[in-house]
Each structure stands twice: as structure tokens, then as C-alpha cells.
Amino acid sequence: MCGITGIWAFKESEQAQMEHLEEATERIAHRGPDYHATWRDQNVGLGHRRLSILDTSDHGHQPMQIMDGRYVMVFNGEIFNFLELRQELIAKGIHFHSHTDTEVIMHLYAREGKSCLNRLNGFFALAIYDTHEQSLFVARDRMGIKPLLYWQDESKLLFASEMQSLLAFAIDKQVDQQALHYYLQLNYTPAPLTMVKGIKKLMPGECIEIRNGVAEISTYYELLRSKVCQDLSYEEAKKELAERLEASVKKRMIADVPLGTFLSGGIDSSVITSIAARHTAQLSTFSIGFSDNPFFDETSYAELVAKKCGTNHTTFKLSNEEMLSYMADFVEHIDEPFADSSALPVYILSKKTREHVTVSLSGDGADEIFSGYNKHAAWFKMDQDRYFGKLTAAIRPIADRMPQSRSGKWSNLMRQVIRFDKAKKIAPQERYWFLAALADQGYAQRMMKAPQQQDDYYTQWMSPLADYQNINDMLMGDTKFVLPNDMLKKVDLMSMASSLEVRVPFLDHELVEWVHSLPVEYKINSKMRKRILQDTYRDILPAELYQRPKKGFEMPLLDWLKTALLEELDQTVFNRDKIEAGGQFNWDAVEKLRTKLFSTNPEDSHAQVWALYIFQKWYEKYF
């Protein structure tokens, strides 16, 4: 795992931008502390920060060159079938100078061009320059596990693993108001948008080719709605799932450095841990908990799994004061406004895990492909259970008068009743957006100085539900939209801030395609989410895991904002002079949000305030 950056100057006048390449590389030093270097030609420059995972010797350093310097490459990621590909190339007469997956990709590209991407099983962001043809090839992995951002205008193309690297170059910085409009609703900015106008995210499965001075973006992979596999019985599907997931985990345990797993105590991370424990003598596992907030603490379940699997388990139990002591460093690593509040515990978990291992497996992706969220259960009931809909309609008048927030059992239940009753009345695309968002479009328009409307990007994002058939389409939406923009963004940003590589076995693209082909009833019914995943490993995992309610990886945000973080909020979000000087938000709307936060019915105001806080800190740093 590493960090990459680079520049292509279409015009000779832009070659002066090369002077910023070292700084652009240095700004992502946390992604690769083991080695760094840059490489330049007349109109192209490549920068690399290395986190040594495979072949930790000097032979693995990048930018890497082969064939007497014809091809030069920078690479961020891991290819898990590189050993098979390497043997294939050796049989064809290729001689290797390292034992890295990087060199394998380069030789594949030299022989097959961009079609070599179809041969790779793993995650990546890469750039390859051909000095003979004077062409540049840039690509991002199929599922969007690794990020790649770019800036293109008439005179240059810049690319990097993180926005702060791009901002080291001399570009015109403006807040993208359309991106801000979506951020205020979702608490993240969905690709291809970013918060800086002109900077875009390369979409999962996309690549950029520059030939003859012309840049073209194309799609080499797209996850499509597949024909449902009706011939596979449920028992046969369970057996195949176990085989596929076992193979995925085993492949992702290849490393020349210490490896462990995140273990939250949920089904997903517990499944990954139970499989990994079978393939190593002493697996290290890591959990984080809240000593001051039992409602959010789930470490007891993780410890049950660790005991059953015989792992070397470490629990990081933190008080509120200890958690908050990480806040300044955490905010410093947010290179684009990103307000999923669970990012803070992920950051702390990654930082502490890195003290023990360099690579960690995680259970990310299972909820999106197998149907693990409360919204999936709600959607299923909207489709299948009219009685439940009548029940929520009857409770709705009571719920409207009760406190609603995510911070307590009953207040969260009232919040869910109201959201369900609203969602069941709208069409699939609008319903999906409603369930994905923390605030509606009206809120974003009231908050912004320059209100925006939903545009063509919204239509593109909602396309998996345009011809809605069943809940598989919702899961397709999650896999394409929520997963790369929220969950995977969070894990990459927070883990790489601590120079920790995180691997996600559930997102092997072949496994994902297969799961999407399974019938809906294999994934969810009226009693169970992630049905096939839970049933496949029921005899392996502790029974207590099947008797617990699902919780997100959340933190006691509402309490913090009203107490320990209030002084900080008063200096940033609730500071009229700063808000009006920034020119992004309406002060009257911000003031009303503050009143809502301190009311007896805060609803999701804490998440909205948190989004404004993260934006303001980012804006102060970069603007």
C-alpha cells in the first residue's frame, strides 16, 4: 500500500509545475513512510511513497522501471493473484528483478496494454508511462477500494491518491457548490465530484489514457445486474460461499510483514477472523471500545470471538477524554470534507493496530452486498409486509411527539419509525436517496448561500434503481454508490493516515459478482438480514452474536457536541463572523441548527453540525 502522484503537461509552459512534484509527494508521506522518490521526463512527472508489504528490499522501490527504462510505473494497492501471473510470465521468458506485484503488472501491461487490468485480482490505483510512445495510462480498481483523484484542464493533467497532494500544485481553488449541496445531504461527497471545483475522482473501474497529447477516460469494468442463479439450492449456495470466501481470505493473507484483523464483534469481521485464524499459527486481532459509553461499546462480543478462534486479541478501551485527544490529528488527515462520524474510531483503531501489525483484514463490504443494514430490512418490509407498514403508520403520531436521535435505544426507535413511514410512500429512486441521506435537499438549500438543485449526477447515481425489480437493485446501488464513496473512503483515509494497509476479502470482485447473482431470499427475509452469510457460519461463531441487535460503528457524537466539543464549535461552526466571511452558509440556518442541537428533540442535528464542523476545519486549512 502506498501513495502516488503525478503530472502530465500538455503545454511546455506547464512544465514549470514539475517543481511542485516533491511537495505533492511529501504531502502523502503518511501513506508510505518506508521510501519515496520522484521521476521526471520532459512533460511527465511521477511521485511515489512506499509502504513496504511485498519484497521489502530496495528491488521493490518505485517509481519502478522495466525494459531498459521504457516503462515507468507508480502503484498503490495489492494484486493477490500476482504469483500465478508471475509464473505465467516466467514461462514466456520474462526475467524478474523483484518479487513484487508491481513488476508483474508492468510486464503484463507491456504485453497486453490496458486489457491487462482484466487479469488482476486485487485493489489498486496506478500510472504507467511509456517513454517510447510517450503515453500515460492511469487506472483505478473495479470496486473503488483505492482512491484516485485528478485535475484536468487544457494545459495539464494532475493525479494523486489524496486531494492534499493535488493542492500542492498551482491550481485555482474554489469550493464546488454542487458538491457542497450533496455533502450537506450525505455527509460525504460522491464521485466523480470533490469539494474543489475542477478536481474529480476517477470512478471505480475507470481509466485515463493519454496518447498523442489527448486524454480520454473510459470504463474497463462495470458491475452489472446479473441473471439470478436459480439452479443453485440454498445449501449448495452456502457451501460455495464458504469456498469462495475462504479462497478470498487466504489470498489476502500474503504479506512479508505482520498481519492481523479488525474484530468488532459483528458477524462480518468475525467471519473473516474465523477463516484467517485457520491459516496462521497465531492471528492478532484488534478491537476498540468506549469505556464511558456502554450503549456504543461492543467489545465483549469481539472478545468472545477471539476466545473461540484462539487469537492474540487486543482491546483498546478508551474513555471520552482519550478519544477526544485524537481529534486534532484526526481532523488534520481529512483532505476533503468527510463527515461519517465513525471515521474517528476507525482512525484510532488503525493508529493503535499499526503499533502491532502493518496489514489488517476487515469485514467491510458485507453489509452492502448481503443486505446487512437496518434500511435493508425496512425496504424488505416495504416490499413484502403491509401489516408492518400499517403498524408504523399507527405509531407515527406518537413518534412525532417523542425525542428522536441515534444516541439512545428509544429515541433511535422513534427516529426509525418516522423514517420508515416517510420512505414507504415514495418511489424506489427517491426512497433510496432518502434512506442514504441524513438531510433532505430542502435542508441543503436553506443552509447554502448559493442553493443548488439535484442534477444529472443524481440521475447517474440512482440508475441501478431506475428499472426497479427487487431489493437486489438496492444492494447494487449500495455497492456502486455508498460503498466506494463512504465506507471505502473512510477505511482508506483513516488507515493510511497511520500507514496501515487494510484488505477487504468480501470485495473480491468475483465474489461480489457471484453474490449479486443470488436470489433475494438467500440474502434477506422477514426474520434475518445477511441470511446466507449468517447461516453459513452459524456453527463456527459464538451463539451470542446471533442474539445481539445490529449497531453501526458509531461514537457518542451528540453528547460530545453539547459538552466537550462545544467550545470548539463556538469558534468554528457557531461563529457568525467566520460563517459570513466564508460565504458558504446562511447564518440564520446555522443558528437554527444550533437551537435544534440543544433541544429535547435533536433528531439528526448532531450529524449535520458535525458535517459543518468538518467542512469549516478543512476550509480554514486549505482556503
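In this report, we go over the structure that sits alongside the text. (Residues numbered from 1 in each chain as written. Predicted model: local features only at pLDDT ≥ 70, side-chain atom pairs only at ≥ 80, totals over all residues. Heavy atoms only, no water.)

Right, let's get into the overall build of the protein chain. A count of helices and strands for the protein chain gives 27 helices and 17 strands. Computed over the C-alpha atoms, the radius of gyration of the protein chain is 24 Å, within 12% of the 25 Å expected from 2.2 N^0.38 for a compact globule of 623 residues. In terms of overall dimensions, the protein chain has C-alpha extents of about 75 × 60 × 50 Å along its principal axes. Every one of the 623 residues in the protein chain was classed for burial, and the buried ones make up 62%. Approximately 24100 Å² of the protein chain is accessible, and the part contributed by carbon and sulfur atoms is 47%. For the protein chain, the separation between the mean place of its 73 positive charges and that of its 85 negative charges on side chains is 6 Å. (Helix = DSSP H or I, 4+ residues; strand = E, 2+ residues; numbered from the N terminus. Rg over C-alpha atoms; globule rule 2.2 N^0.38 Å. Buried < 20%, exposed > 50% of the residue type's maximum accessible area, 1.4 Å probe, protein only. Areas by Shrake-Rupley, 256 points an atom, 1.4 Å probe, with all protein chains shown as cover. Lys, Arg positive; Asp, Glu negative; His and termini not counted. Charge placed at Lys NZ, Arg CZ, Asp CG, Glu CD.)

The terminal C-alpha atoms of helix α27 (residues 605-622) lie 26 Å apart, and with 18 residues this matches the ideal 26 Å at 1.5 Å per residue to within 8%. α27 sits mainly inside the fold: 15 of its 18 residues count as buried. (Expected span 1.5 Å × (residues − 1).)

Here the focus is empty space enclosed by the protein. In total, this model carries 5 cavities of 30 Å³ or more according to the counting rule given. A volume near 120 Å³ is recorded for the largest cavity. As for the largest cavity, its lining consists of 15 residues, and the residues nearest its centre are Arg50, Leu54, Gln62, Asp101 and Thr102. Taken together, the elements giving at least two residues each to the lining of the largest cavity come down to β5 (71-79) and α3 (101-112). Here the lining of the largest cavity takes 3 residues from β5, the largest share from any one element. The calculated volume of the second largest cavity comes to roughly 70 Å³. Along the walls of the second largest cavity sit Ile145, Lys146, Leu488, Val491, Asp492, Ser495, Val502 and Val504, which together make up its complete lining. By residue number, the principal contributor to the lining of the second largest cavity is helix α19 (residues 471-496), which donates 4 residues. (1 Å grid on protein atoms, 1.4 Å probe; cavity = no way out; pocket = protein on both sides within 12 Å on 5 of 7 lines; lining within 4 Å. Points joined across faces, edges and corners; volume = space filled by probe spheres on them.)

A separate point is the sheet that holds strand β14 (residues 284-290). Whenever strands of a sheet pair, they do so through backbone hydrogen bonds, lying parallel or antiparallel. Overall, parallel pairing links the 5 strands, which are arranged β15-β14-β13-β16-β17 in an open sheet. Here the strands that pair on one side only, and so sit at the sheet edges, are β15 (312-318) and β17 (501-503). On average, each strand axis in the sheet is inclined to that of its neighbour by 30 degrees, with strand direction left out of account. Relative to strand β16 (residues 359-361), strand β13 (residues 259-262) runs parallel, the two sharing 3 bridges. Directly across from Thr261, in β16, lies its bridge partner Leu361. The strands that helix α11 (residues 343-353) touches are β13, β14, β15 and β16; relative to β14, the one it contacts most, it runs at about 140 degrees. (Pairing = 2+ DSSP bridges. Axes fitted to C-alpha atoms, helices over the stretch in contact; angles between N-to-C directions. Contact = heavy atoms within 4.5 Å.)

What follows deals with the packing of aromatic side chains. To describe a pair of aromatic rings, you give the distance between the ring centres and the angle between the ring planes. In total, this model carries 27 aromatic pairs according to the counting rule given. Judged by centre distance (4.8 Å) and plane angle (80 degrees), the ring pair of Tyr182 and Trp461 falls under edge-to-face. Remark: Trp461 occurs in helix α18 (residues 456-461) and Tyr182 occurs in helix α5 (residues 177-186); sequence separation between them is 279 residues. Ring plane angle 15 degrees and centroid distance 6.3 Å describe the contact between Phe330 and Trp610, whose orientation is recorded as stacked. (Phe/Tyr/Trp six-rings, centres within 6.5 Å; stacked < 30°, edge-to-face > 60°.)

Right, let's get into the layout of surface pockets. In this model, the second largest pocket occupies a volume close to 750 Å³. The wall of the second largest pocket is formed by 30 residues, among which Leu438, Ala439, Asp440, Tyr443 and Gln608 lie closest to the centre. Contributing elements (two or more residues each) for the lining of the second largest pocket: α15 (409-423), α16 (428-436), α17 (441-447), α26 (587-597) and α27. With 5 residues, the top contributor of residues to the lining of the second largest pocket is α26.

A few words on the sheet that holds strand β9 (residues 156-160). Sheet architecture is open: 6 strands sit in the order β2-β3-β1-β9-β8-β10, paired in antiparallel fashion. Every other strand in the sheet has two partners, leaving β2 (35-40) and β10 (199-201) as the edge strands with one partner each. Strand-to-strand twist in this sheet, taken as the mean axis angle between neighbours without regard to direction, amounts to 15 degrees. Looking at chain direction, strand β1 (residues 2-9) and strand β3 (residues 44-50) are connected through 7 bridges and run antiparallel. In the strand pairing of β3, Thr5 is matched with Gly47.

One finds Leu126, Leu184, Phe330, Leu533 and Trp610 to be the most contacted residues of the largest nonpolar core, which totals 188 residues. Tallying contributions element by element places α19 first for this core, with 12 residues. Not counting the four nearest positions on each side in its chain, Leu533 is found in contact with Leu241, Leu245, Ile267, Asp268, Val271, Ala366, Phe370 and Phe506. By size, the runner-up hydrophobic cluster in this structure holds 19 residues, among which are Val44, Val138, Leu157 and Ile208. (Core = buried A, V, L, I, M, F, W, Y, C linked by side-chain atoms within 4.5 Å.)

The amide bond that connects Gln62 to the next residue, Pro63, takes the cis arrangement and shows omega of 0 degrees. Looking at the element boundaries, Pro63 is found in the loop between β3 and β4 (64-66). The omega angle of the peptide bond from Ala191 to Pro192 is 10 degrees, so this bond is cis rather than trans. The topology assignment puts Pro192 in the loop between α5 and β10. Its identity as a non-glycine residue notwithstanding, Asp68 has a phi of 55 degrees, on the positive side. A positive phi angle, near 60 degrees, is found at Ser499, a position not held by glycine. Looking at the element boundaries, Ser499 is found in the loop between α19 and β17.

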